[in-house]
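For reference, the chains in residue letters:
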Amino acid sequence: MKKESIASPKKPTKVQAKKQAKKPVKKAVSKTLGKKSAPVGSDSSLKVGDTAPSFSLLSDDGTLVSSKGLKGQTVVLYFYPKDMTSGCTLESCDFRDSFPKFKKRGVVVLGISKDSIDSHLKFKSKYSLPFPLLADIEGKMCEAYGVWKEKSMYGRKYMGIERSTFVISPEGKIAAIYPKVKVTNHVEAVLNGILA
């Protein structure tokens with residue numbers, strides 16, 4: 001009888017101990033995953049009228065371009081996925097072709113991707129792009145502007161830049177946002193929006 005009374009409480013104690021050991025692990029994992037997924041943001045929290053997130057990045061020619069140095073000017077930031085790809089080439093060439101119109105109005109155009117400075121140099125040189133391309137290699141600017149998102153291609157999910165354009169006013173406020181950009185007629189829409 002003594003053996004039974006000693007043995008019977010031991011079995012549930014081990015089972016309970018295992019259950020309790022598993023519970024905190026699950027909670028810890030879900031908290032960690034939550035923290036990791038938070039910065040990517042499925043929707044940009046930026047709205048028209050918000051103060052534009054500040055930035056300071058190297059451009060294709062190795063000079064530092066910062067939001068602070070651009071105060072007092074209208075700035076067009078266009079985020080694109082990758083140098084030398086078809087959609088990004090078409091969009092960049094459209095900005096190139098309309099660049100005299102932007103320049104005439106004192107508008108600064110900046111292209112941003114996570115490509116390296118060397119990649120930007122080749123891209124810029126090949127297509128004679130007349131504006132700076134910024135290298136956001138660490139993706140901090142992409143995250144700040146909410147364009148680093150989960151994408152899907154042929155059923156495969158991956159993280160990448162969602163093609164987006166932001167117009168920043170001379171006061172440093174977001175004047176316009178163009179999310180999920182379709183390349184055709186996009187540059188014309190941006191220009192018309194600035195002129196309106």
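Look up a bit, the structure's there.
In short, a report on the structure. (Residues numbered from 1 in each chain as written. Predicted model: local features only at pLDDT ≥ 70, side-chain atom pairs only at ≥ 80, totals over all residues. Heavy atoms only, no water.)

## Overview of the pattern of salt bridges
Phase 1 of the analysis: Under the definition given, this model contains 6 salt bridges.
Phase 2 of the analysis: Notably, a salt bridge pairs Asp 115 with Lys 82, separated by 3.2 Å at the nearest N-O pair. With Asp 115 in the loop between β4 (107-113) and α3 (117-127) and Lys 82 in the loop between β3 (74-79) and α2 (86-104), the pair connects residues that are 33 residues apart, well separated along the chain.
Phase 3 of the analysis: Here Asp 115 falls in the buried class, since its relative accessible area comes to 7%. (Salt bridge = Lys/Arg side-chain N within 4 Å of Asp/Glu carboxyl O. Helix = DSSP H or I, 4+ residues; strand = E, 2+ residues; numbered from the N terminus. Buried < 20%, exposed > 50% of the residue type's maximum accessible area, 1.4 Å probe, protein only.)

## Concerning the packing of aromatic side chains
Phase 1 of the analysis: As enumerated under the stated definition, the model contains 10 aromatic pairs in all.
Phase 2 of the analysis: Ring geometry for Tyr 78 versus Phe 95: centroids 4.4 Å apart, planes at 20°, classification stacked. Of this pair, Tyr 78 sits in strand β3 while Phe 95 sits in helix α2, placing them 17 residues apart in sequence. The same class applies to Tyr 78 and to Phe 95, which are both buried.
Phase 3 of the analysis: Plain terms: the ring middles of Tyr 78 and Phe 131 are 5.8 Å apart, the flat faces sit at 80° to each other, and that makes the pair edge-to-face. Taken together, the positions of Tyr 78 in strand β3 and Phe 131 in the loop between α3 and β5 (133-135) put the pair 53 residues apart, joining distant regions of the chain. (Phe/Tyr/Trp six-rings, centres within 6.5 Å; stacked < 30°, edge-to-face > 60°.)

## Notes on the pairing of strand β7 (residues 156-161)
Phase 1 of the analysis: The pairing of strand β6 (residues 148-153) with β7 spans 6 bridges and is antiparallel. The residue bridging Ser 152 from the neighbouring strand is Lys 157, located in β7.
Phase 2 of the analysis: Adjacent in sequence and paired antiparallel, β6 and β7 are bridged by 2 residues, among which Tyr 154 carries a positive phi angle near 55°. (Pairing = 2+ DSSP bridges.)

## Some points on the sheet that holds β4
Phase 1 of the analysis: With mixed pairing, the 5 strands of this open sheet are ordered in space as β5-β4-β3-β8-β9. Across the chains shown, the open sheet's two edge strands, defined by having one partner strand only, are β5 and β9 (174-178). Between one strand axis and the next, the sheet turns by 20° as a mean value, whatever way the strands run.
Phase 2 of the analysis: Together, β4 and β5 form the strand contacts of α3, whose direction differs from that of β5 by roughly 165°. (Axes fitted to C-alpha atoms, helices over the stretch in contact; angles between N-to-C directions. Contact = heavy atoms within 4.5 Å.)

## Observations concerning the side chain of Asp 60
Phase 1 of the analysis: As for its position among the elements, Asp 60 is in the loop between β1 (56-58) and β2 (64-66).
Phase 2 of the analysis: Look at Asp 60 and you get buried, because its relative accessible area is 3%.
Phase 3 of the analysis: Side-chain polar atoms of Asp 60 contact the side chain of Lys 124, separated by 3.0 Å.
Phase 4 of the analysis: With near-sequence residues (within four places) excluded, Asp 60 lies in contact with Ile 117, His 120, Leu 121, Lys 124, Phe 131, Pro 132 and Leu 133. (Polar contact = N/O pair within 3.5 Å; in protein donor to acceptor, adjacent residues only side chain to side chain.)

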